[in-house]
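Observations on the three-dimensional arrangement
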Amino acid sequence: MNTLEFEVSQAQRLDLAINQQFAQYSRTQIQDWIKQQQITVNDQVITKPSYQVHPQDKISVTPSPRPALRAIAQPMPLDIIYEDHDVLVVNKPQGLVVHPSPGHPDHTLVNGILYHTKIASSDTIRPGIVHRIDKDTSGLLMIAKTELAQASLTKQLQQKVNLRRYLAIVHQPFTETQGTITAPIGRDSKDRKRQTVSAKGKPAITHFQVQQNFAHYALILCRLETGRTHQIRVHLKYIGHPVAGDPLYGPRKTLPGPGQFLHAQSLGFYHPRTGKWLEFSVEPPAIFQTTLQKLAQ
């Protein structure tokens, strides 16, 4: 594999500096490379992940070749909301990754789905996946079990005819009751893990309705018109209402919990074989509901 090189922009740990530059690699992988003497700083081999680098230091990374990823069937409990010959609708719990990736090679939702049912797909990593939600976002996902369903559901996403509504607890109460955020989204040039509003980004539109205001927070319902990576989280930060508990886009002083308070509550689409409109809704997880009760008190 080719050597990756870059210049440090700020003082920080070596493993963190590399992880921010190359987000496709997990921090655990990077720490292994450092210990295996595959990392140099200013042409000097460094073997401690905690080594402090400074601005203008030159880092060279020669990563070990990664084994080819392939999703395998693994047993796990699934909250199945609907299933027939063509489609599967599941309620994904918070903390579960949707499909295998270099940082999460197995024990993802896809691994559990493959154990549960057969998926007709040539994709060995994301079979049946037509849209995703983040690891720490809970809620509804539609899965294509057949090639017919894959083509139909993908086309519906592209034509924006399906329904995707999310509940979110966000910082700061609103003065308005509803609104539309129209702002292009692209990768953050300073941190590859993050997305940001950028003129060079792809068009992104999020509609929202305020459900309830609290002293320092608000409960809102968002509807996606487009589906960019981290779209709701980026858009809400952009308008000054970041999602509570969001470790990537939110403030440090926030509501306690395992991640962002964002839940894919409702999902609707036309059945790929019958053309019938199907719509499903699920309640948010217990911690979401408990937090709302505390805010109301």
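Residues numbered from 1 in each chain as written. Predicted model: local features only at pLDDT ≥ 70, side-chain atom pairs only at ≥ 80, totals over all residues. Heavy atoms only, no water.

1. Some remarks on the sheet that holds strand 1 (residues 4-7)
- An order of 1-6-3-4 is seen for the 4 strands of this open sheet, with the pairing classed as antiparallel. Each of the sheet's edge strands pairs with one partner strand only, and the pair in question is strand 1 and strand 4 (44-45).
- The pairing of strand 3 (residues 39-41) with strand 6 (residues 58-61) spans 3 bridges and is classified as antiparallel. Within the sheet, the bridge partner assigned to Thr-40 lies in strand 6 and is Ser-60.
- Relative to the sheet, helix 1 (residues 14-21) contacts strand 1, strand 3 and strand 6, its axis offset from that of strand 6 by approximately 75 degrees. (Pairing = 2+ DSSP bridges. Helix = DSSP H or I, 4+ residues; strand = E, 2+ residues; numbered from the N terminus. Contact = heavy atoms within 4.5 Å. Axes fitted to C-alpha atoms, helices over the stretch in contact; angles between N-to-C directions.)

2. Here's the deal with the pattern of salt bridges
- As enumerated under the stated definition, the model contains 10 salt bridges in all.
- For the salt bridge of Glu-279 with Arg-165, the shortest nitrogen-to-oxygen distance reads 3.6 Å. Highlighted residues: Glu-279 in strand 17 (residues 277-281) and Arg-165 in strand 10 (residues 163-171), separated in sequence by 114 residues.
- Judged by its relative accessible area of 42%, Glu-279 falls in the partly exposed class.
- Accessibility expressed as a relative area gives 25% for Arg-165, which makes it partly exposed.
- Through salt bridges with shared partners, a single network forms among Arg-13, Asp-15 and Arg-27. (Salt bridge = Lys/Arg side-chain N within 4 Å of Asp/Glu carboxyl O. Buried < 20%, exposed > 50% of the residue type's maximum accessible area, 1.4 Å probe, protein only.)

3. Concerning helix 1
- Within helix 1, burial applies to Leu-14, Asp-15, Ala-17, Ile-18 and Asn-19.
- Where helix 1 is buried, its residues contact strand 1, strand 2 (12-13), helix 2 (27-35), strand 3, strand 5 (52-53) and strand 6.

4. Digging into the packing of helix 1 against helix 2
- For the pair helix 1 and helix 2, interaxial distance at closest approach is 9 Å and the crossing angle is 125 degrees. Judged on the interaxial angle alone, helix 2 and helix 1 are oblique. As for how helix 1 packs across helix 2, the hand of that crossing is right-handed. From helix 1, Leu-14, Asp-15, Leu-16, Ile-18 and Asn-19 reach across to helix 2, where they touch Arg-27, Ile-30, Gln-31 and Ile-34. (Parallel < 35°, antiparallel > 145°, perpendicular 65-115°, else oblique. Left-handed = near helix turned anticlockwise from the far one by under 90°.)

5. Some points on the side chain of His-171
- With respect to the helices and strands, His-171 occurs in strand 10.
- The exposure class of His-171 is buried, given its relative accessible area of 7%.
- Within the local environment of His-171, its side chain forms a polar contact with the side chain of Thr-254, the two groups lying 3.0 Å apart.
- Ignoring anything within four residues of it in the chain, the contact list for His-171 reads His-216, Tyr-217, Gly-240, His-241, Pro-242, Val-243, Ala-244, Pro-251, Lys-253 and Thr-254. (Polar contact = N/O pair within 3.5 Å; in protein donor to acceptor, adjacent residues only side chain to side chain.)

6. Topic: the environment of Pro-251
- Relative to the helices and strands, Pro-251 is located in the loop between helix 5 (231-238) and strand 16 (262-270).
- Between the alpha carbons of Pro-251 and Val-89 there is a distance of 33 Å; along the sequence they are 162 residues apart.
- Those residues in contact with Pro-251 that sit more than four places away from it in its chain are His-171 and Pro-242.

7. Concerning the pairing of strand 7 (residues 80-83)
- Where strand 7 lies against strand 8 (residues 87-92), 3 bridges are found, and the strand directions are antiparallel. Paired with Glu-83 across the strands is Leu-88, a residue of strand 8.
- Turn length for the strand 7-strand 8 hairpin, with the two strands adjacent in sequence and antiparallel, is 3 residues.

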